[in-house]
Amino acid sequence: MARLPATCIALLLTATPGLAQELNALVWCDHTDPALIEPFEQKFGVKVNLKEYEGTAAGLAILDQSQPGDWDVLVIDAVDVKRAVEAGRLAELPADKLATADFFPELVMADNNTVDGKTYAVSEKFGYNTISYDKTKVDPADMEDMAALTGGKYDGRIGIYDYYLPVLGLVALGQGINTADISAETLPRLKDPLMALRKASKQVSDVVSAQTALATGEVDIVVGGGEWLTAVLAGENPNLDWTIPKQGGLRWAQSIGVVAGSTQPDLALEFVNYITSPEGQARLATSSCYWGMPANAKAGDALTAEQKAVLRWDQQPDFLKRAQLYPIPDAALDTAMQDLWTEMLAQ
């Protein structure tokens, strides 16, 4: 009996359902949609096991508590890729096998996804933390100026997204401070406007609670919202909208990479490439958990006109110019920012 080359055996294992492997991925909730995962599973005859987490610290903690090889793929906030690399948690990716040539130029994000000239992750999805609202309940013109939020007109009708980095970034922009300029010296200037926003608000809540509150009319505005919060609800409630005010907004971006120590790095890379392909990007952009803009510009060919309208596809060049990245605090500043946030929550 002729012996198959090792490469053929590997291909057979990944392509034959009867010999299905399993791929283990630490992800955000938008990756748990079967419409996104099933095409990859069917193509490669594998089972993708997904564990959802929130916050980079939680994801790294899971990896710290796991054995080498337990995890193959990691989805992470783009601004935290270097943190994961420094912790030894991401493997180098072959830059020449990634689809970055098809990306919106701003979403290649080499400063975030590469370290010392080596690529460790690739952007997959982005969007904006800004202002979401019900346009039948508020004056849309007011939403173009963050000062309107604390002017008294909307007291008790505001929800705040419970994530300190984007909301403190928005507060900073409202004070004329760029997110990159938030420091131990400038942070105290954010306290009074943050407390004023909390005083005017009804609640501080997570993603699902914020979506529910806006959809049910419990609040009319969500600070820190954006297309990720309202787009998934647009079909049922077209009155929900979002905008980037004149002071600007924050651009969030998530990246995906292969976990260092994965026992099947080639299959993990195939998953990364599927997620960043036009088909995978369109499915990820319109995931049932939350929508967002695909990093791959060619995903537009796989999105419907209605989906692109909700995502404001044609307005992206302007939005990208007016949005800043999340703050990237060092350990001391991060602690100070969280302390300020905790103080706000206790108010």
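Before reading further, recall that the structure is shown in the block above.
Residues numbered from 1 in each chain as written. Predicted model: local features only at pLDDT ≥ 70, side-chain atom pairs only at ≥ 80, totals over all residues. Heavy atoms only, no water.

1. Things to note about the state of the cysteines
Across all of its chains, the model carries one disulfide by this definition. Between the sulfur atoms of Cys29 and its disulfide mate Cys289 the distance is 1.8 Å. Here Cys29 and Cys289 share a disulfide; its torsion about the S-S bond, -70°, makes the bridge left-handed. Here Cys29 is found in the loop between strand 1 (22-27) and helix 2 (34-44), whereas its partner Cys289 is found in the loop between helix 11 (278-285) and strand 12 (293-294), with 260 residues between them in sequence. (Disulfide = S-S within 2.5 Å. Helix = DSSP H or I, 4+ residues; strand = E, 2+ residues; numbered from the N terminus.)

2. Regarding unusual backbone geometry
Its identity is not glycine, yet Met109 carries a phi of approximately 50°, on the positive side. If you trace the backbone, Met109 turns up in the loop between helix 4 (81-86) and helix 5 (110-113). For Asp116, which is not a glycine, the phi torsion comes out positive at approximately 55°. Position of Asp116 relative to the elements: it lies in the loop between strand 4 (114-115) and strand 5 (118-119).

3. Observations concerning the nonpolar core
One broad rule of soluble globular proteins: the nonpolar side chains tend to lie buried together. Counting residues in hydrophobic clusters, the biggest one holds 112 residues, and the most contacted among them are Phe40, Leu149, Ile221 and Phe271. Considering each element in turn, this core owes the most residues, eight residues, to helix 6 (residues 164-174). Once you skip the residues sitting within four places of it in the chain, Ile221 turns out to touch Ile131, Ser132, Tyr133, Val138, Met143, Leu149, Tyr154, Arg157, Ile158, Gly159 and Leu214. (Core = buried A, V, L, I, M, F, W, Y, C linked by side-chain atoms within 4.5 Å. Buried < 20%, exposed > 50% of the residue type's maximum accessible area, 1.4 Å probe, protein only. Contact = heavy atoms within 4.5 Å.)

4. Concerning the packing of aromatic side chains
If you walk through the whole model with that rule in mind, you get 14 aromatic pairs. Centre to centre, the rings of Phe40 and Phe44 are 4.7 Å apart; their planes meet at 35°, and the pair counts as tilted. Here the residue Phe40 and the residue Phe44 both occupy positions in helix 2, the gap between them amounting to four residues, near one helical turn. Considered together, Phe40 and Phe44 belong to a single accessibility category, that of buried residues. A centroid spacing of 5.8 Å and a plane angle of 35° characterise the contact between Phe40 and Tyr274, whose relative ring orientation is tilted. Of the two residues, Phe40 is situated in helix 2 and Tyr274 in helix 10 (residues 265-275); the sequence distance between them amounts to 234 residues. Residues Phe40 and Tyr274 agree in their burial class; the two are buried. Directly above the ring of Trp313 sits Lys308, whose terminal nitrogen or CZ lies 6.0 Å from the centroid. In this structure, Arg312 packs its charged tip against the face of Trp242, placed 4.9 Å from the ring centre. (Phe/Tyr/Trp six-rings, centres within 6.5 Å; stacked < 30°, edge-to-face > 60°. Lys NZ or Arg CZ within 6 Å of the ring centre and 35° of its normal.)

5. A word on helix 2
Every buried residue of helix 2 is listed here: Leu36, Ile37, Phe40, Glu41 and Phe44. In an axial view of helix 2, the angular spread of the buried residues amounts to 115°, which keeps them on one side of the axis. Among the exposed residues of helix 2, those pointing more than 90 degrees away from its buried face are Gln42 and Lys43. The opening residue of helix 2 is Asp33, an N-cap whose side-chain oxygen sits 2.9 Å from the backbone nitrogen of Ala35. Where helix 2 ends, the next residue or the one after it, Gly45, has phi of about 65°, a positive value. (Arc of directions from axis to C-beta. Polar contact = N/O pair within 3.5 Å; in protein donor to acceptor, adjacent residues only side chain to side chain.)

6. Focus on the environment of Asp72
Inspection of the secondary structure puts Asp72 in the loop between helix 3 (56-64) and strand 3 (73-77). Take Asp72: its relative accessible area is 1%, and that puts it in the buried class. When the C-alpha atoms of Asp72 and Ile160 are compared, they prove to be 34 Å apart, with 88 residues separating the residues in sequence. Not counting residues within four places of it along the chain, the set of residues in contact with Asp72 comprises Glu22, Leu23, Asn24, Gly257, Val258, Val259, Ser262, Thr263, Gln264 and Ala268.

7. Notes on the side chain of Thr286
Checked against the element boundaries, Thr286 lands in the loop between helix 11 and strand 12. On the basis of relative accessibility, which here comes to 18%, the residue Thr286 falls in the buried class. In this structure the side chain of Thr286 is engaged in a polar contact, spanning 2.9 Å, whose partner is the backbone oxygen of Ala282. Filtering out sequence-adjacent residues up to four positions away, Thr286 remains in contact with Trp291, Leu303 and Gln307.

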